[in-house]
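This is what each chain is made of:
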Amino acid sequence: MTHEERIAFRGEIEHKAKSLMERLKKACAEPMGWPEMMDASDILKDLSEVEKNLAKVHHLESEHPVHDEKKY
């Protein structure tokens, strides 16, 4: 994955996380919104795990670059 692809991927994760937070806010405002809130929170947890792993990759590649791309 190139530097630009990683940056675009992080932007997509951020966009999805924001839309999920909006869904969670709506689900909390409704009296019977629990099932949707649980689904959205599970997806948000998975997205945060992907973000954490992507940050690890950035850190490791900046310490030990394997190619001549930009460092993080």
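So, here is what we can say about the structure in this document.

Conventions we followed
- Residues numbered from 1 in each chain as written.
- Predicted model: local features only at pLDDT ≥ 70, side-chain atom pairs only at ≥ 80, totals over all residues.
- Heavy atoms only, no water.
- Salt bridge = Lys/Arg side-chain N within 4 Å of Asp/Glu carboxyl O.
- Helix = DSSP H or I, 4+ residues; strand = E, 2+ residues; numbered from the N terminus.
- Buried < 20%, exposed > 50% of the residue type's maximum accessible area, 1.4 Å probe, protein only.

## Observations regarding the pattern of salt bridges
Taken as a whole, this structure holds four salt bridges when the rule is applied. A salt bridge links glutamate 51 to arginine 10, with the nearest nitrogen and oxygen atoms 2.5 Å apart. Taken together, the residues glutamate 51 in helix H2 (residues 34-63) and arginine 10 in helix H1 (residues 3-29) connect sequence positions 41 residues apart. On the basis of relative accessible area, glutamate 51 is assigned to the partly exposed category, the value being 22%. The shortest N-O distance in the salt bridge between lysine 25 and glutamate 22 comes to 3.8 Å. With lysine 25 and glutamate 22 both in helix H1 and three residues apart, the pair spans about one turn of that helix.

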